[in-house]
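Structure assessment
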Amino acid sequence: MALDQGTTSSRSIIFNKNGRPIESLNREFEQIYPKPGWVEHRALDIWNSQIETAMSVLQTSRIDPHDIAAIGITNQRETTVIWDKETGEPIMNAICWQCRRTADICDDMNARGWGPKVREKTGDVCDAYFSGTKIKWMLDNVPGARERAEKGELLFGTVDTWLMWKLSGGKIHATDYSNASRTMIFNIHTLDWDDELLAELNIPRIMLPEVKPSSYIYGMTDPKIFGAEVPIAGCIGDQQAALFGQTCFEEGESKATYGTGAFLMMTTGTKSVESKNGLLTTIAWGINDKVYYCLEGNTFVAGATVQWLRDELKLIGSAQETEELCNSVKDTNGIYLVPAFVGLATPYWDPYARASIQGITRGVNKAHLVRAAIEGQCFQIKEILDAMVTDGGIQLKEMKCDGGAIKNNFLLQFQSDILNVPVVRPVVTELTALGTAYLAGLAVGYWGSMEELKDDWALDRKFTPNMTEEYRAKIYKGWKKAVQRSLQWIDPEEE
Ligand SMILES: Nc1ncnc2c1ncn2[C@@H]1O[C@H](COP(=O)(O)OP(=O)(O)O)[C@@H](O)[C@H]1O
Ligand SMILES: O=P(O)(O)OC[C@H](O)CO
């Protein structure tokens with residue numbers, strides 16, 4: 001059983017031996033925006049929505065919890081929770097990975113020359129995205145928090161750690177290498193929390209979880225929860241989980257995941273590759289006493305733009321409607337939507353960029369705007385792929401895709417057109433959940449080897465490029481121009 005805790009929803013899926021989902025349930029939870037550019041979740045909403053879906057899939061599938069071979073956790077990464085060790089009470093809302101509130105802490109560190117050191121040690125960029133400055137913010141801003149942390153009364157965790165602690169009835173305080181590598185305080189070469197960064201951010205080591213492989217028996221669930229002790233044997237950040245679920249085990253294999261944000265990753269094997277083009281060097285997973293690395297390019301907002309069109313502008317009733325609207329017009333009528341709602345990540349790393357819609361003329365209608373929202377996600381992936389090809393020195397033969405938005409055929413066709421590379425959609429689209437199910441199943445011997453998993457991958461549809469080079473170059477140039485005008489929108493001095 002996979003517990004897939006995403007940015008906007010929690011999902012539980014039970015998989016069979018062939019890696020096919022047999023029961024699945026998804027529950028959205030509230031997003032909290034206390035100020036422009038700030039994003040929070042209630043840690044208890046995360047737990048409650050997750051455990052409710054897990055209970056429900058067990059009930060509806062009529063599977064006895066004793067028959068669940070293992071549980072794998074996968075999660076939105078970087079999102080930061082701090083809670084009281086005794087009471088389990090979070091000291092404040094979780095600060096979401098998308099939250100920009102610590103941009104000034106990063107500016108200060110960058111001004112003092114920390115940028116290259118952070119990259120070298122952690123593979124991350126010194127940016128508000130990662131957990132390190134979020135922990136510092138909580139300890140600085142919640143009265144008494146740092147003293148309590150120093151006394152060992154508070155625990156820090158990313159969402160995997162929080163869920164594991166709750167599932168085990170407070171017995172396990174751990175994370176895996178992939179999640180640790182997103183905190184900006186974990187040294188991806190020594191595989192330990194980095195004392196120099198901990199000192200800089202004034203974070204007491206005592207509050208940090210133990211770091212373990214992604215495929216590993218962490219312990220058992222509290223029998224009070226499911227009425228059985230189930231091994232928790234998989235733990236991995238959601239993007240790395242999708243890479244594993246896609247069975248991208250070999251150097252140079254890659255995938256793109258389209259969820260709240262969109263993420264492109266390429267496996268680099270047991271060696272870490274340093275990027276020259278704004279990509280992150282990150283830990284893919286730890287398994288069989290080895291740690292594997294990957295290169296990652298990310299966008300903070302992808303499918304979230306569609307949610308914005310639905311929830312804030314009320315232009316559409318559901319995400320599914322976007323495909324028909326996109327196909328109802330031949331192009332965007334010259335407009336671009338740059339989804340820099342919380343700044344821009346790869347390759348710009350600009351927390352002060354803001355979203356914009358450009359090129360609007362009187363003939364622009366709803367369908368054009370919706371199409372621009374979908375195309376914007378694809379342009380962002382093209383920028384990342386260009387960086388990856390330069391860094392990794394590879395030419396991509398095809399791109400595997402997954403995530404909630406890949407039901408949208410228009411999106412994948414446009415992605416293939418703009419990349420000029422075939423895009424392949426697998427039969428099982430829940431690769432994030434499958435990835436952690438695989439890792440958990442491997443740890444308990446439900447599956448024998450990574451090799452045997454490769455046979456499960458099956459093609460649903462291949463999208464092949466169908467756009468002239470001239471047209472591709474023209475619209476990509478327009479995109480680049482639109483991005484330039486979104487950069488540095490916020491003046492930190494005025495803020
Ligand atoms: N048919 C669709 N077309 C475009 N976007 C979609 C479609 N269906 C879902 N989405 C988008 O996909 C995202 C949900 O994907 P999911 O993988 O569940 O996200 P997460 O794990 O980040 O919570 C939402 O942001 C939603 O707007
Ligand atoms: O919730 P998702 O699927 O958008 O993934 C979020 C990422 O893990 C953030 O780094």
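Going by the structure above, here's the rest.
Figured I'd write up the structure that's included with this text. This one's a predicted model, so the numbers in the text were calculated from it and none came from an experiment.

Here we take up the pattern of salt bridges. Evaluated as defined, the whole model comprises 37 salt bridges. Between Lys-136 and Asp-140 there is a salt bridge, with its nearest N and O atoms 3.1 Å apart. Of this pair, Lys-136 and Asp-140 both sit in helix H4 (residues 131-141), separated by four residues, roughly a single helical turn. Asp-140 gets classed as partly exposed once you look at its relative accessible area, which sits at 40%. A single salt-bridge network, built from bridges that share partners, covers Arg-77, Glu-78, Arg-182, Asp-238 and Glu-296.

This part takes up the packing of aromatic side chains. Summed over the entire model, instances satisfying the criterion amount to 27 aromatic pairs. When the centroid spacing of 4.8 Å and the interplanar angle of 85 degrees are considered together, the rings of Phe-244 and Trp-285 count as edge-to-face. Here Phe-244, found in helix H10 (residues 238-245), pairs with Trp-285, found in strand E17 (residues 280-287); they are 41 residues apart in sequence, far enough to count as distant. Relative to Phe-414, the ring of Phe-410 lies with its centre 6.1 Å away and its plane at 20 degrees, an arrangement referred to as stacked. Of the two residues, Phe-410 and Phe-414 are both situated in helix H14 (residues 409-419); the distance of four residues between them amounts to about one turn of the helix.

Running from N to C, H10 and helix H15 (residues 431-444) cross one another at 75 degrees; their axes reach a closest spacing of 6 Å. One way to sum up the angle between H10 and H15 is to call them roughly perpendicular. Here Asp-238, Ala-241, Ala-242, Phe-244 and Gly-245 of H10 lie close against H15, whose contacting residues are Leu-431, Thr-432, Leu-434, Gly-435, Thr-436, Tyr-438, Leu-439 and Leu-442. Its residues placed into classes, the contact of H10 with H15 shows eight nonpolar, four polar and one charged.

Now for the sheet that holds strand E14 (residues 231-237). Judged by pairing direction, the sheet is mixed, and its six strands sit side by side in the order E3-E2-E1-E5-E14-E13 without closing on themselves. Every other strand in the sheet has two partners, leaving strand E3 (21-28) and strand E13 (215-220) as the edge strands with one partner each. On average, each strand axis in the sheet is tilted by 20 degrees relative to the strand beside it, whichever way the strands run. As defined by bridge partners, strand E1 (residues 2-5) adjoins strand E5 (residues 71-75) across four bridges and the pair is classed as parallel. Directly across from Ala-2, in E5, lies its bridge partner Gly-72. Set on the sheet, H10 makes contact with E5 and E14; between it and E14 the angle comes to about 105 degrees. Running over the sheet, H15 touches E1, strand E2 (9-15), E5, E13 and E14 and is turned about 140 degrees from E14.

Definitions and limits used
Residues numbered from 1 in each chain as written. Chains lettered and ligands numbered in written order. Predicted model: local features only at pLDDT ≥ 70, side-chain atom pairs only at ≥ 80, totals over all residues. Heavy atoms only, no water. Salt bridge = Lys/Arg side-chain N within 4 Å of Asp/Glu carboxyl O. Helix = DSSP H or I, 4+ residues; strand = E, 2+ residues; numbered from the N terminus. Buried < 20%, exposed > 50% of the residue type's maximum accessible area, 1.4 Å probe, protein only. Phe/Tyr/Trp six-rings, centres within 6.5 Å; stacked < 30°, edge-to-face > 60°. Axes fitted to C-alpha atoms, helices over the stretch in contact; angles between N-to-C directions. Parallel < 35°, antiparallel > 145°, perpendicular 65-115°, else oblique. Contact = heavy atoms within 4.5 Å. Nonpolar A, V, L, I, M, F, W, Y, C, P; charged D, E, K, R; others polar. Pairing = 2+ DSSP bridges.

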